[in-house]
Amino acid sequence: MSWISDRAIDQLRAAAAWPELDDRYVITGVAGGGGMGTVYIAHDQVLDRDVAVKVSNVADQRGRPDRLTREAHILSRLDHPGIVPVHDAGLLPDGRRFYVMKLVRGRRLDQVMSQPVPEAIRLDLFSRVLEAVAFAHAHGVVHRDLKPENIMAGGFGEVFVMDWGVAQDGLPDPDSAIVGTPGFMPPEQEDAAPVDARADIFALGAVLAQLMGDHPSRALAAIAAKARHHDPQRRYQTVEQLAADVSRFRHREPVTAYRETWTERTVRVYRRYELPILLVLAYVIMRFVLLAALGV
Amino acid sequence: MPFPATRLSVVERTRSGDEETRRLAWATIIEAYWKPVYKYLRLKWSLDPDAAADLTQEFFTTTLEKEIVERFDPTRARFRTYLRICLDGFASNARKAERRQKRGGDVVQVPLDFRTAEGEMARHEGSVPADVDDLFYREWVRALLARGVADLRLWAEQSGRLSMFEVFARYDLADDGEGRPTYAALARDLGLTTATVTNHLAAIRRQFRQLLLEQLRELTASDQEFESEAARLFGSRALDAGDDRR
């Protein structure tokens, strides 16, 4: 066969990539994927539910557990509502690894951000991301590739941090390649130097900056800037510290990352106590008008 | 077998002390790359068919003469990327010098059927892609898959599995624009059960993947390059066509 059409090229590539799973999982579509693996949508015939099956694109050539297996192990250790649970894992006849996980239905954070979503909702989503990442850090896992494309928001406000394939869990790395995404990687990660939880804090700062759009308030911009400071020592040292500052901002309290001016403080205090201030003002004005009317 | 047994890559074999090994390695490289090179010259460098054909011949002769491939450093680039960069430099120099003389000497004798390549270009579904660099990759994939299908047919003939290949050809090679047949329709046409069609496809796809991986192993120079090329070939971008059997 000398000529293969573009359509046949696509079909042949898909055919060669198609995973040969056992009868339990019937593949119904492709959800997406990246350099490491492809995620298929499948129906679990035993439990009668839809699941996601992630399959490595190629078997590891050096006989080691590949990143996909490592990701499955990490996910199985991280039992948190913001982290996708793993149901099953195994080996395909052609040597590729796969694991089965909950099928998350929703939109990626970058897709959410492209819509006009109120700031309060955006910050609520971000706070849920922080909870999941803080949980991972507490279990010694650093994600290393946090970005809006790796965060899924469900229809009921639930948030899932996805793609833990390059996470660092204290064990030796499968390879020494630089991992992460430009713009979300701190300088130490770009230099392939050892990283710790503060690398994720840098990425979270970048996510927050994108989440807030072009004209964030100064306090929020300062939080994002502190989180992604080029010097790890000058970032928030823990996700909890970052979360606390975001929470203060949401509750109109002063944040540690920003020293506000007298005017800004007045405006913030006014907005925080807007209703009681307006009530008192209304009472004072009414009282004044009443007294004036009575000629007192 | 989880993955293809390690073979010496063609790049390594071009450095062999044995002349026949070197010749075969060059033949493999040329077979995999001549069409991508020709079409790339036609589209990116806007050469007419004759000029592109001359330059394609000359490129492989020159790469041989100047030992460009022998200088390839797998730690710095993929072989495919390296070859395309060499091609750009070569085409640029050729344009500047406006030289078109034929070279003789140590030319590897691989028949290059430019008329066929030209006919293929006329059959492109779309016009020239916006990113002609992608064209080089796509043509390389096309050549890879074409050889994979030929190898698969040979395997089916030699192992008495032609009916399996027939299922594969009718389903995975179908490109008549009317969509692929369902498994049930295929089973009816070929006098098989639907379960047999399913099993045939699973088995022959596994073999096809194996043959493609063996080719990739041959055409790449390191484990990392092999994994990277395989990931791109089989990655999610390849899967839009999916499998619509159900």
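1. Considerations on the overall build of chain B
Reasoning step 1: Scanning chain B from N- to C-terminus turns up ten helices and zero strands.
Reasoning step 2: The linear arrangement of helices and strands in chain B, starting from the amino end, is α-α-α-α-α-α-α-α-α-α.
Reasoning step 3: By residue count, 49% of the 246 residues in chain B fall in the buried class.
Reasoning step 4: Taking as baseline every contact in chain B between residues at least 6 positions apart, the subset at least 24 positions apart corresponds to 70%.
Reasoning step 5: Of the accessible surface of chain B, which amounts to about 11,700 Å², a share of 48% is contributed by carbon and sulfur atoms.

2. Focus on the packing of helix α4 (residues 119-138) of chain A against helix α8 (residues 239-250) of chain A
All names here are of chain A.
Reasoning step 1: For the pair α4 and α8, interaxial distance at closest approach is 9 Å and the crossing angle is 160 degrees. By the angle class used here, α4 and α8 are roughly antiparallel. Viewed along their axes, α4 and α8 form a crossing whose handedness is left-handed. Contacts from E119, L123, D124, F126, S127, L130, V133, A134 and H137 in α4 reach V239, E240, L242, A243, V246, F249 and R250 in α8.
Reasoning step 2: Here the contact of α4 with α8 is composed, by residue class, of ten nonpolar, two polar and four charged.

3. Some details on a nonpolar patch on the surface
Residue and element names in this part refer to chain A.
Reasoning step 1: The grouping of Y270, L278, L281, I285, F288 and V289 at the surface amounts to a nonpolar patch, some 590 Å² of accessible area in total.
Reasoning step 2: Considering every element that reaches the nonpolar patch, the biggest residue donor is helix α10 (residues 274-294), with five residues.
Reasoning step 3: If you trace the backbone, F288 turns up in helix α10.
Reasoning step 4: Classification of F288 as exposed rests on a relative accessible area of 62%.

4. As for the confidence of the model for chain B
All names here are of chain B.
Reasoning step 1: Overall, the predicted model of chain B reaches an average pLDDT of 78, with 79% of residues at or above 70.
Reasoning step 2: By mean pLDDT, helix α5 (residues 114-122) is the weakest element of chain B at 71, and helix α7 (residues 162-172) is the strongest at 92.
Reasoning step 3: Below a pLDDT of 50 lies the segment residues 1-6, which in the model reaches 17 contacts outside its immediate sequence neighbourhood of four places, other chains included.
Reasoning step 4: Every residue in residues 102-107 scores below 50 in pLDDT, and together they form nine contacts with partners more than four places removed in sequence or on other chains.

5. Things to note about the pattern of salt bridges
Residue and element names in this part refer to chain B.
Reasoning step 1: The tally for this structure, following the rule as stated, stands at 35 salt bridges over all chains.
Reasoning step 2: With its nearest N and O atoms 3.0 Å apart, the salt bridge here joins E139 to R142. Taken as a pair, E139 and R142 lie in helix α6 (residues 132-158) at a separation of three residues, close to a single helical turn. Just as E139 is buried, R142 falls in that class too.
Reasoning step 3: Salt-bridge contacts for R205 lead to D172; the nearest nitrogen and oxygen are separated by 2.9 Å. Taken together, the residues R205 in helix α9 (residues 194-219) and D172 in helix α7 connect sequence positions 33 residues apart.

6. Overview of the sheet that holds strand β6 (residues 107-108) of chain A
Residues and elements named next belong to chain A.
Reasoning step 1: If you walk across this open sheet you meet the three strands as β6-β7-β8, and the pairing is antiparallel. Whereas interior strands pair on both sides, the edge strands pair on one side only; in this sheet they are β6 and β8 (159-161).
Reasoning step 2: In this fold α4 packs onto β7 (151-153) and β8, with an angle of close to 45 degrees to the strand it touches most, β8.

7. Here's the deal with unusual backbone geometry
All names here are of chain A.
Reasoning step 1: The residue D48 is not glycine, and still its phi comes out positive at about 50 degrees.
Reasoning step 2: Mapped onto the elements of the fold, D48 is located in the loop between β2 (37-44) and β3 (49-56).
Reasoning step 3: The backbone of D163 sits at a positive phi, close to 55 degrees, despite the residue not being glycine.
Reasoning step 4: With respect to the element layout, D163 can be found in the loop between β8 and α5 (187-190).

8. Structural notes on the sheet that holds β2(A)
Sheet strands line up and pair through hydrogen bonds in the backbone, either parallel or antiparallel.
All names here are of chain A.
Reasoning step 1: Across the sheet, five strands lie side by side as β1-β2-β3-β5-β4; this open sheet has antiparallel pairing. With partners counted over all chains shown, the strands left at the sheet margins are β1 (25-33) and β4 (86-91), one partner each. Going from strand to strand, the sheet's axes swing by 25 degrees on average, the running direction of each strand aside.
Reasoning step 2: Relative to strand β5 (residues 97-102), β4 runs antiparallel, the two sharing five bridges. Residue A89 lies in a different strand from β5, and its bridge partner there is Y99.
Reasoning step 3: Its contacts with the sheet put helix α2 (residues 67-77) on β3, β4 and β5, and the angle it makes with β5 is roughly 30 degrees.

9. Some thoughts on the nonpolar core
Reasoning step 1: Formed by 80 residues in total, the largest nonpolar core has its most connected members in Y33(B), L41(B), F79(B) and F208(B).
Reasoning step 2: Leaving out residues up to four positions away in the same chain, Y33(B) has contacts with F60(B), F79(B), R80(B), L83(B), F136(B), W140(B) and L219(B).
Reasoning step 3: One finds Y99(A), A136(A), A167(A) and L211(A) within the second-largest nonpolar core, a separate group that totals 57 residues.

10. Notes on the packing of aromatic side chains
Residues and elements named next belong to chain B.
Reasoning step 1: The full count for this structure, using the stated rule, is 13 aromatic pairs over all chains.
Reasoning step 2: Ring centres of F72 and Y82 lie 5.1 Å apart, and the angle between their planes is 50 degrees; this geometry places the pair in the tilted category. Of the two residues, F72 is situated in the loop between α3 (49-66) and α4 (79-97) and Y82 in helix α4; the sequence distance between them amounts to ten residues.
Reasoning step 3: Ring plane angle 80 degrees and centroid distance 5.2 Å describe the contact between Y171 and Y183, whose orientation is recorded as edge-to-face. With Y171 in helix α7 and Y183 in helix α8 (residues 183-190), this residue pair connects regions lying twelve residues apart in the sequence. There is no split in this pair, since Y171 and Y183 are both buried.
Reasoning step 4: Ring pairs connect the aromatic residues Y33, Y40, F72, F79, Y82, F136, Y137 and W140, which therefore count as one cluster.
Reasoning step 5: Here the basic side chain of R80 rests over the ring of W140, its NZ or CZ set 5.1 Å away from the ring centre.
Reasoning step 6: Across the ring face of F226, the terminal group of R217 is positioned such that the distance to the ring centre comes to 4.4 Å.

11. Some details on the side chain of R122(A)
Reasoning step 1: Here R122(A) shows up in helix α4.
Reasoning step 2: Of the polar contacts made by the side chain of R122(A), one reaches the backbone oxygen of M113(A); its length is 3.2 Å.

12. What to know about the environment of A53(B)
Residue and element names in this part refer to chain B.
Reasoning step 1: The residue A53 is located in helix α3 in this model.
Reasoning step 2: Along the chain, A53 and W34 lie 19 residues apart, while their C-alpha atoms are 9.7 Å from each other.
Reasoning step 3: Those residues in contact with A53, other than ones at most four positions away along the chain, are Y38 and F114.

What counts, and at which threshold
Residues numbered from 1 in each chain as written. Chains lettered and ligands numbered in written order. Predicted model: local features only at pLDDT ≥ 70, side-chain atom pairs only at ≥ 80, totals over all residues. Heavy atoms only, no water. Helix = DSSP H or I, 4+ residues; strand = E, 2+ residues; numbered from the N terminus. Buried < 20%, exposed > 50% of the residue type's maximum accessible area, 1.4 Å probe, protein only. Contact = heavy atoms within 4.5 Å. Areas by Shrake-Rupley, 256 points an atom, 1.4 Å probe, with all protein chains shown as cover. Axes fitted to C-alpha atoms, helices over the stretch in contact; angles between N-to-C directions. Parallel < 35°, antiparallel > 145°, perpendicular 65-115°, else oblique. Left-handed = near helix turned anticlockwise from the far one by under 90°. Nonpolar A, V, L, I, M, F, W, Y, C, P; charged D, E, K, R; others polar. Patch = residues over 30% accessible without salt bridge, like charges linked within 9 Å, V, L, I, M, F, W, Y side chains within 5 Å. Salt bridge = Lys/Arg side-chain N within 4 Å of Asp/Glu carboxyl O. pLDDT = per-residue confidence, 0-100. Pairing = 2+ DSSP bridges. Core = buried A, V, L, I, M, F, W, Y, C linked by side-chain atoms within 4.5 Å. Phe/Tyr/Trp six-rings, centres within 6.5 Å; stacked < 30°, edge-to-face > 60°. Lys NZ or Arg CZ within 6 Å of the ring centre and 35° of its normal. Polar contact = N/O pair within 3.5 Å; in protein donor to acceptor, adjacent residues only side chain to side chain.

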